[in-house]
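Examination of the molecular architecture
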Amino acid sequence: MSYSYRYGYSNLSSLAQLNGYPGISANTGAPVISGIDYLNQILTCTTGSWTESPSSYTYQWKASGVDISGATNSTFIGTAATEGLPKTCDVRAVNIAGTSSAATSNTLHYWMPTDLSTDLQAWIDTVDTSNITHVANAVSQISDKSGNSRHFTQATEGSKPTTGAIVGNTNAVTYSTDHVQRTNSSLAQNKPRLYVATVVKPDSTAAVRSIIHLSTNGGAGSSRFVLRLTTGGILQLTGRRLDADTLTSRTGTNNKNGTSFICVAGIEWASANSFARINGVSEIADGAFLTTGNSENLASLAVSIGGRQAADPFLGDIGDFLFFTASSDIADSVIEKIEGYLAHRSGLTSLLDVAHPYKTAAPTP
C-alpha cells in the first residue's frame with residue numbers, strides 16, 4: 001500500500017499540503033495571447049494567474065484546436081502553414097506537487113485574402129518567400145495562393161524581376177525593365193468588376209510606370225485595366241470595357257514618387273464606375289467610367305505586374321498583390337479589411353489614415 005493511501009490521502013498533492021508544501025496549482029485567471037497573427041510576426045502568451053506559487057510553466061500553441069508541432073514556448077512566430085488559422089495557447093503550471101491541468105487562452109483569428117471566398121481571383125504573395133521561384137534572386141514565378149493556380153511567371157532572363165527587397169518589414173519584388181505576367185487568363189474574363197490591392201514603393205524616377213496592366217494581347221492598343229504612376233508620381237487608373245470603347249483615364253492628386261503606399265483600386269464595368277484609394281483615403285473618387293456591362297469574354301487576356309511587357313516598366317518594389325471580383329460594387333467595409341490586412345502584414349500601419357478602423361488592430365473575419 002502506498003504511503004498516501006495508507007494514511008487516507010488520495011494523492012501526493014494532498015500529502016504535500018499536509019506537510020506544509022503547496023498542492024497542484026489551479027488557474028484563477030486565463031492566459032492571454034496578443035500580437036499580430038501574420039507570417040513571421042510574433043505572438044506572445046502570458047502565464048495567466050495560478051494558486052500554489054508555480055515555479056515554471058509549459059506552453060502548447062494550437063491552430064484550429066490542433067497542437068502545432070514544436071510550438072512550446074511563450075512566444076510563437078507565425079508560419080505559412082498556420083497563417084489565417086485560429087490560434088490558442090494552453091498553459092500548465094508546474095510546482096513541487098506536479099503539473100496542473102491546462103488553462104486555455106483567448107483565441108486570435110485575423111482576416112486573410114482567402115476570406116474573400118470565391119471572389120478572390122489571384123493572391124500573388126511575396127511576403128511568403130517560399131512562394132517565389134528564383135535563381136540568385138532572379139524571379140521566374142510567383143505562385144498564386146488563392147487556390148486558382150493563376151501563377152505569374154517570367155521565362156526570359158533579361159526580363160526577370162528580383163526578390164529580396166524590403167517594403168515595410170516584409171519581402172517584396174523589385175522591378176526595373178522587367179515584369180511577371182499571366183497570359184490567356186480568365187482572371188478578368190467576362191467579369192462585371194475587377195479590383196486590385198497591393199503594397200508599392202516606387203523609386204523617384206520621373207517616368208510613366210505601370211504597376212498592373214491588363215490587356216487582350218499585352219499591348220497598349222487593347223488595354224482593359226491599367227494602374228500606373230504618371231511622370232509626376234501621380235496615381236492614374238486607365239481602362240476600357242470593349243475594344244470599341246475609348247481608353248479613359250482618371251488621375252489622382254498626390255505625388256507618390258519614392259514613397260511606400262497601400263493601394264486598392266477598381267473598375268466596376270457593370271456600373272460604369274472606377275476608384276482608387278491610397279493608405280485608406282480616397283485618391284480617385286468614385287466616378288462615371290466607360291460603358292456599362294461586363295468585361296469582354298476574351299480568352300487572350302494578359303495580365304502583367306510591373307509593366308506592360310517592354311513598355312512603361314515599373315521602377316521600384318511591389319509586395320503582396322490581390323486580384324478579386326464581386327457580384328455587386330464592393331462595400332467600403334471590405335476595402336477597409338483589405339487595407340488593414342496589407343498594413344498589418346507588411347508592417348505599414350503608420351501609413352493608414354488616423355481614422356482608419358484598422359489603424360491599431362488587424363481585421364478579423
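The rules behind the values
- Residues numbered from 1 in each chain as written.
- Predicted model: local features only at pLDDT ≥ 70, side-chain atom pairs only at ≥ 80, totals over all residues.
- Heavy atoms only, no water.
- Salt bridge = Lys/Arg side-chain N within 4 Å of Asp/Glu carboxyl O.
- Helix = DSSP H or I, 4+ residues; strand = E, 2+ residues; numbered from the N terminus.
- Buried < 20%, exposed > 50% of the residue type's maximum accessible area, 1.4 Å probe, protein only.
- Core = buried A, V, L, I, M, F, W, Y, C linked by side-chain atoms within 4.5 Å.
- Contact = heavy atoms within 4.5 Å.

Moving on, we get to the pattern of salt bridges. Where charged atoms of side chains with opposite charge meet at close range, the side chains can pair. Evaluated as defined, the whole model comprises twelve salt bridges. A salt bridge links Lys 87 to Asp 37; its shortest N-O distance comes to 2.7 Å. Taken together, the residues span a long stretch of sequence, with Lys 87 in strand S8 (residues 87-95) and Asp 37 in the loop between strand S2 (33-35) and strand S3 (42-45) at a distance of 50 residues. Like Asp 37, Lys 87 is buried. A salt bridge links Lys 145 to Asp 125; its shortest N-O distance comes to 2.9 Å. With Lys 145 in the loop between strand S13 (138-142) and strand S14 (152-153) and Asp 125 in the loop between strand S11 (120-124) and strand S12 (132-135), the pair connects residues that are 20 residues apart, well separated along the chain. Its relative accessible area of 25% is what places Lys 145 among the partly exposed residues. Given the relative accessible area of 0%, Asp 125 is considered buried. Taken together, the shared-partner salt bridges connect Glu 83, Asp 125, Asp 128, Lys 145, Asp 320 and Arg 345 into one network.

For the rest of this paragraph, the subject is the nonpolar core. Nonpolar side chains tend toward joint burial in soluble globular proteins. Residues Tyr 38, Trp 61, Phe 324, Ile 338 and Tyr 341 are the most contacted members of the largest nonpolar core, which totals 44 residues. Examining the composition of this core, we find that five residues originate from one element, helix H3 (residues 332-346), more than from any other. Setting aside chain neighbours within four positions, we find Tyr 341 in contact with Tyr 38, Trp 111, Met 112, Pro 113, Trp 123, Asp 320, Leu 322 and Pro 363. In terms of nonpolar packing, the next biggest core, distinct from the first, is built from 38 residues, Phe 152, Leu 187, Val 200 and Ile 318 among them.

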